[in-house]
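Breakdown of the fold
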Protein chains: 2
Amino acid sequence: MDLNDIGIIAKKAAFDMLKISTVQKNEVLKLSAEALIKNIDFILEENKKDLDTAKANRISNVMAERLTLTKQRVLDMADGLLQLVKLDDPIGEVIDMKTLPNGLRVGRKRVPMGVIGMIYEARPNVTSDAFGLCFKAGSAVILRGGKEAINSNKAIIKTFKNAFKGIINPDVVQLIEDTSRESSIAMMRMKDYIDVLIPRGGAGLIKAVVENSLVPVIETGVGNCHTFVDETAIIPDAVKIIVNAKTQRPSVCNACETLLVHKNIANNYLPLAIKALREKNVVIRGDENVLRIIPDAVLATEEDWRTEYHDYILAVKIVTDIDEAVSHIQKYSTGHSEAIVTQNYTNAEKFITEVDSAAVYVNASTRFTDGNEFGFGAEIGISTQKLHARGPMGLKAITTTKYIIYGNGQIRQ
Amino acid sequence: MDLNDIGIIAKKAAFDMLKISTVQKNEVLKLSAEALIKNIDFILEENKKDLDTAKANRISNVMAERLTLTKQRVLDMADGLLQLVKLDDPIGEVIDMKTLPNGLRVGRKRVPMGVIGMIYEARPNVTSDAFGLCFKAGSAVILRGGKEAINSNKAIIKTFKNAFKGIINPDVVQLIEDTSRESSIAMMRMKDYIDVLIPRGGAGLIKAVVENSLVPVIETGVGNCHTFVDETAIIPDAVKIIVNAKTQRPSVCNACETLLVHKNIANNYLPLAIKALREKNVVIRGDENVLRIIPDAVLATEEDWRTEYHDYILAVKIVTDIDEAVSHIQKYSTGHSEAIVTQNYTNAEKFITEVDSAAVYVNASTRFTDGNEFGFGAEIGISTQKLHARGPMGLKAITTTKYIIYGNGQIRQ
């Protein structure tokens, strides 16, 4: 099908979505989850085709792992849809309603975005997740997954459409089956049909979408996160926090990558912190001042301050004061999550004010930057951009608002 | 100066802005307003240079009119800055603060955008307005005005910088003096230094920025606005509303361009409405059904439904029911402002739900879509995009938020 036709159909489906109640949306999500479970064999067979092709093309182990569906993974996809049933419907909320002096009542109503486009890599589970999130948020979705997963994606979409055919407009979800680079670029130009484009995947994909898209993009970013231990920190708390921020799950974007330590606490704090970190197999890369205290640490280079290790490696630097800590963060941070550990009230507030990141912590681990931890339920991703949505994005992040105005004949003077 | 240097300096100024209080911001706005008044002669002299060049280059009368500064216009610019002093500071507000089960307190704090870029045409008053708005919203601003106004812009910026030199970092406002097309394109690529780009000007400028910018854009749009008079409308209200929406100020984006009338009320309503509109010199372009009732109206073409006249012209169409009205709006609207005039509760709610525009009215004139009318004070523009800001944009629209999290040693389990 021509991409423009897909766009036209999606707009129509988005309009139909405006008339669907929360009860109906939840019913469709349940039917979709049940259909996934009923069709596990079919989905796994189609996934096998993708895996066979992938093996013939010698894709990497990491990629093959992401591409592989198992019975459990399909059950998890179904469970993801059922989790969405439990979440509050973001649509219909009215905020800031007030009555103007002339009697007009003006407020903002939360409404669906319309048509959401998703561009992602060869992870078939994203096909199900993306449909569920967009659907619960009241939008139609156009999916464009990686070419390696095309048979799996077609199977999942077919399963969904069969599940709700006759109940709702099945075009609420559409898959672009042409997985050429051209189709991806063409999708980024569909300004007339797609209201927002969300890339999900590696830094390369996100960069390509941001640079080429005429459709507005919601960008999920990378995290080079910092923890600053101030001179007044409670040492056992500061040890516990850096160990958690570095090692509780090192592969994720809210894990801490650089520890900054105030010079006046370094001699007391660093030996304890590094002992605890090394017990978790963390390799320390310190600046010269750190090496004076921890002589067997590796000397850090400029590159270390910029690196998101996603691994059991921590860069450590001793700083003169909070201003040097803030400057360092300003220079190297990706604007994701940063923490200060301090008992000093002024410094806590200064850090909150001066650090320009999506999430800024006082006396807690950066690992909390997460939609579930913040109580949003489902998470679309974590935005490090400043427009529209910043930080963990729940369902609200993929909605918009409109002004609604109730009058009784008012005209402007 | 090299554009990257301007970017680096702007980032530094944006950081300094984080430490400025509301009192200081208001003080700087007052000093800037006073400086404009004191330097009227200098500013008008420099504006004269621009006008002389413009005349030599035979620019259009409309353009010359926009480029021209008078004593009154400079006073108006100063007054605009003083109006901003009166507005609430959008920065620092904390919303959605809650305590999680683990004791973490999580909320969102409204913070400055950082560095805002403005690209605009040869209107020197925008130089002053844009500085004032961005400054009150806590951001540094990089201005890139039209080449025809370069001397006027330099004079205004010099006046401001002299006014607050020694009080704040004068780099909070910078002018790009290279007015080549290349500098404009280069500015749109300054993703590392500019957080958001706001084009102000004609549709061509806005389109060029949206298509070329790698920096996120806030787009202010055009308005092909509709009023639908339902069969249950109170006829005198419906007459008053369309006359106001069309003629109170026809040149602006929230003026009504197409009137849709339910077939069951057309015979009673249209003669009265069109008589009142013609008294205001409005030319009627109707479809065939309208011409049966108003034989001397001009026959509308397809083009009329798409046109933002910005003039004393109104397209009129008779529709079978609300569904046809909504379909027409869906097809031709630019998503700005639409109104229904009705006494039917179900239709009022249906219109609100199904019309996908930034502002949707029941029983009122579309002319109210305006930051001042909605009570925001200053208005940056009216957004017809769905991301970040939709509808009239006040100071808040050029801010962002960050999550702030207060703990006492929490780590993630």
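The text that follows walks through the structure, step by step, so that each part is easy to find. Computed from a prediction, not measured in an experiment: that's the story for all the values here.

The rules behind the values
- Residues numbered from 1 in each chain as written.
- Chains lettered and ligands numbered in written order.
- Predicted model: local features only at pLDDT ≥ 70, side-chain atom pairs only at ≥ 80, totals over all residues.
- Heavy atoms only, no water.
- Helix = DSSP H or I, 4+ residues; strand = E, 2+ residues; numbered from the N terminus.
- Buried < 20%, exposed > 50% of the residue type's maximum accessible area, 1.4 Å probe, protein only.
- Contact = heavy atoms within 4.5 Å.
- Areas by Shrake-Rupley, 256 points an atom, 1.4 Å probe, with all protein chains shown as cover.
- Lys, Arg positive; Asp, Glu negative; His and termini not counted.
- Charge placed at Lys NZ, Arg CZ, Asp CG, Glu CD.
- Pairing = 2+ DSSP bridges.
- Axes fitted to C-alpha atoms, helices over the stretch in contact; angles between N-to-C directions.
- Expected span 1.5 Å × (residues − 1).
- Least-squares fit on C-alpha atoms with pLDDT ≥ 70 in both.

What follows covers the overall build of chain A. Looking only at helices and strands, one finds 15 helices and 16 strands in chain A. In terms of overall dimensions, chain A has C-alpha extents of about 70 × 70 × 35 Å along its principal axes. By the burial criterion, 58% of the 413 residues in chain A qualify as buried. Taking the contacts inside chain A whose residues are at least 6 apart along the sequence as the reference set, 72% of them involve residues at least 24 apart. Accessible surface, chain A: about 16,500 Å² in total, of which carbon and sulfur atoms supply 49%. The averaged location of the 51 negative side-chain charges in chain A is 5 Å from the averaged location of its 51 positive side-chain charges.

The next thing to look at is the sheet that holds strand E11 (residues 313-319) of chain A. Taken in spatial order, the ten strands make up an open sheet running E10(A)-E9(A)-E11(A)-E8(A)-E7(A)-E12(A)-E13(A)-E16(B)-E2(B)-E1(B), and their pairing is mixed. This sheet does not close on itself; its edge strands, each paired only once, are strand E10 (298-299) of chain A together with strand E1 (94-99) of chain B. Taken together, the four bridges between E1 of chain B and strand E2 (residues 105-112) of chain B define a ladder with antiparallel strand orientation. Within E2 of chain B, the position partnered with Thr-99 of chain B by the bridge is Arg-105 of chain B. Contacts from helix H11 (residues 263-279) of chain A reach strand E7 (225-229), strand E8 (256-262), strand E9 (283-286) and E11 of chain A, with the element oriented near 145° to E8 of chain A.

Three- or four-residue spacings in an α-helix give side chains the same orientation, since the helix completes a turn every 3.6 residues. Look at helix H2 (residues 22-38) of chain A: 24 Å from first C-alpha to last across 17 residues, which is about the 24 Å you get at 1.5 Å a residue. By the burial criterion, the buried members of H2 of chain A are Lys-25, Asn-26, Val-28, Leu-29, Ser-32, Ala-33, Ala-35 and Leu-36 of chain A.

This part is about the sheet that holds strand E6 (residues 196-200) of chain A. All names here are of chain A. Taken together, four strands build an open sheet; the order of strands is E5-E4-E3-E6 and the sheet is parallel. Edge strands, defined here as strands with exactly one partner in the open sheet, are strand E5 (173-175) and E6. The sheet shows a mean angle of 20° between the axes of neighbouring strands, direction not considered. Here five bridges tie strand E3 (residues 115-120) to E6, and the two strands are oriented parallel to one another. By the bridge assignment, Gly-117 is partnered in E6 with Leu-197. Along the sheet, helix H7 (residues 150-164) makes contact with E3, strand E4 (140-144) and E5, crossing E5 at roughly 155°. Sitting on the sheet, helix H9 (residues 203-212) touches E3 and E6, and the angle it makes with E6 is about 160°.

Mapping chain B onto chain A leaves a residual RMSD of 0.0 Å; the transformation is a rotation of 180° accompanied by 0.0 Å of translation along its axis. Here the two chains are linked by the operation of a two-fold rotation axis. Every residue of chain B has its C-alpha some distance from the rotation axis, and the shortest such distance is that of His-388 of chain B, at 1.8 Å. When the interface residues of chain B are mapped onto chain A, 100% of them again lie at the interface, so the same face is used by both copies.

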